[in-house]
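# Residue-level structure breakdown
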Amino acid sequence: MKLANFTRRSFTGLLSTAAAIGVLGTTATMADTLRNIMERGTVVIGIQGDNPPFGFLDSTGQNDGYDAALANLFADHLGVELELVIVTNQNRIAALQTGKVDALFATLGISAERAESLQYSYPYAEDSMPLIAAADLDVADVTAMNSLTIGVPKGSAQENLIPELAPDATMLSFDDDSANIQALLSGQVDAIAANQFAIGRIEENAPGKYSEKLVLATNYKGVGTVLGEAPINTTINGFIEIIKADGTMDALYQEWFGLGQPMFEAPVEGVSFTVD
């Protein structure tokens, strides 16, 4: 899929505008990420490797999924090569902050807490977070969760959510989504707080044995960039607006999720999608 051209001339214009408003300095400037991408001719994107259908490795070991498709389109949009780096829930923000990646297309749930550490783009995905347990286990409401041992992926939104909703529950954190699912299948936990696609993965291994009990929350996913850098944030937001408007995002949503493109109408308290 081909997007509107983003040329090196338009990148130069971005830098000129940034300079005009005084955001370019001599070191660690706010335009460094975008400048570095264009000068090296490669954008380095952090992506998950174990979270289908967002980001995962296919049978040949290649990155695949909705996030991988978007990352490829974004590199196309910039006119540069793409390098994908696998990150986990717990190391993805550190990878961004230490310069190992230029941006995160890594199912990064949008929250005010994380917005203190990075800059979010406009939302590009929506995800619900269900509680999943054995089909015959009765979990009528959030209060019933307090008697359960609940698994969550480390560094995930669920890890913060469970103590808020069920402070008396026993929460166990696992390295990633796959390990969290395996903990449920092996009986290590009574239930897991997961994403909306986890039940499909569980069904492949244990058909009919587990079900979604409650929807704990719904959140948006955004591209993460270095806090305070306007040019890369503006460029990514422009890219997202294009693929929303021209049908590309809707087509990808249909391909990977079997759903139409979300409306993204609800604001996220405490989060700005643009650099102020």
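Notes on the structure follow. (Residues numbered from 1 in each chain as written. Predicted model: local features only at pLDDT ≥ 70, side-chain atom pairs only at ≥ 80, totals over all residues. Heavy atoms only, no water.)

## Concerning the pattern of salt bridges
Summed over all chains, the structure comprises four salt bridges. The residue Lys 244 makes a salt bridge to Glu 241 at a minimum N-O spacing of 3.9 Å. With Lys 244 and Glu 241 both in helix 8 (residues 230-245) and three residues apart, this pair spans about one turn of that helix. (Salt bridge = Lys/Arg side-chain N within 4 Å of Asp/Glu carboxyl O. Helix = DSSP H or I, 4+ residues; strand = E, 2+ residues; numbered from the N terminus.)

## Points about the nonpolar core
Among the nonpolar cores identified, the biggest contains 48 residues, and Tyr 66 and Phe 74 are the most heavily contacted of them. Among the elements that line this core, the one with the most residues is helix 3 (residues 66-78), at eight residues. With sequence-adjacent residues up to four places away left out, Tyr 66 is seen in contact with Pro 53, Phe 54, Tyr 124, Ala 125, Met 249, Leu 252, Tyr 253, Trp 256 and Phe 257. Within the second largest apolar cluster, 16 residues are counted, among which are Met 129, Ala 133, Val 139 and Leu 216. (Core = buried A, V, L, I, M, F, W, Y, C linked by side-chain atoms within 4.5 Å. Buried < 20%, exposed > 50% of the residue type's maximum accessible area, 1.4 Å probe, protein only. Contact = heavy atoms within 4.5 Å.)

## Regarding the packing of helix 3 against helix 8
Contact geometry of helix 3 with helix 8 gives a least axis separation of 11 Å together with a crossing angle of 110°. Put simply, helix 3 runs roughly perpendicular to helix 8. In this structure, helix 3 meets helix 8 at a crossing whose hand is right-handed. In this structure, helix 3 contributes Leu 70, Leu 73, Phe 74, His 77 and Leu 78 to the contact, and helix 8 contributes Ile 232, Thr 235, Ile 236, Phe 239, Ile 242 and Ile 243. Here the residues of the contact of helix 3 with helix 8 are counted per class, giving nine nonpolar, two polar and no charged. (Axes fitted to C-alpha atoms, helices over the stretch in contact; angles between N-to-C directions. Parallel < 35°, antiparallel > 145°, perpendicular 65-115°, else oblique. Left-handed = near helix turned anticlockwise from the far one by under 90°. Nonpolar A, V, L, I, M, F, W, Y, C, P; charged D, E, K, R; others polar.)

## A short note on the packing of aromatic side chains
All chains considered together, the criterion is met by 14 aromatic pairs. Both rings, one in Phe 54 and one in Tyr 66, keep their centres 6.4 Å apart while their planes meet at 75°; by these two values the pair is edge-to-face. Here the residue Phe 54 occupies a position in the loop between strand 2 (50-51) and strand 3 (55-57), and Tyr 66 occupies one in helix 3, the gap between them amounting to twelve residues. Like Phe 54, the residue Tyr 66 is buried in the burial classification. Aromatic side chains Tyr 220 and Phe 264 sit 5.5 Å apart centroid to centroid with 70° between the ring planes, which places their arrangement in the edge-to-face category. Of this pair, Tyr 220 sits in strand 11 (residues 210-225) while Phe 264 sits in the segment after helix 9 (248-257), placing them 44 residues apart in sequence. Summarising the burial analysis for this pair, Tyr 220 and Phe 264 share the class buried. Chaining the aromatic ring pairs together yields one cluster made of Phe 54, Tyr 66, Phe 74, Phe 105, Tyr 124, Phe 197, Phe 239, Tyr 253 and Phe 257. (Phe/Tyr/Trp six-rings, centres within 6.5 Å; stacked < 30°, edge-to-face > 60°.)

## Thoughts on the packing of helix 3 against helix 9
Between helix 3 and helix 9, the least distance of the axes is 10 Å, while the angle of their chain directions is 150°. It follows from the interaxial angle that helix 3 and helix 9 lie roughly antiparallel. Crossing of helix 3 over helix 9 shows right-handed handedness. When helix 3 is examined against helix 9, the residues Tyr 66, Ala 69, Leu 70 and Leu 73 are found in contact with a partner set consisting of Thr 248, Met 249, Leu 252, Tyr 253, Trp 256 and Phe 257. By residue class, the composition of the contact of helix 3 with helix 9 is nine nonpolar, one polar and no charged.

## Some details on the side chain of Asp 177
Relative to the helices and strands, Asp 177 is located in helix 6 (residues 177-185). Arg 201 is the oppositely charged side chain nearest to the buried, salt-bridge-free Asp 177, at an N-O distance of 5.5 Å. When sequence neighbours within four positions are dropped, the list of residues in contact with Asp 177 reads Gln 48, Asp 50, Asn 51, Asn 89, Pro 153, Asn 195 and Arg 201. (Lys, Arg positive; Asp, Glu negative; His and termini not counted.)

Nothing here speaks to function; it is all geometry.
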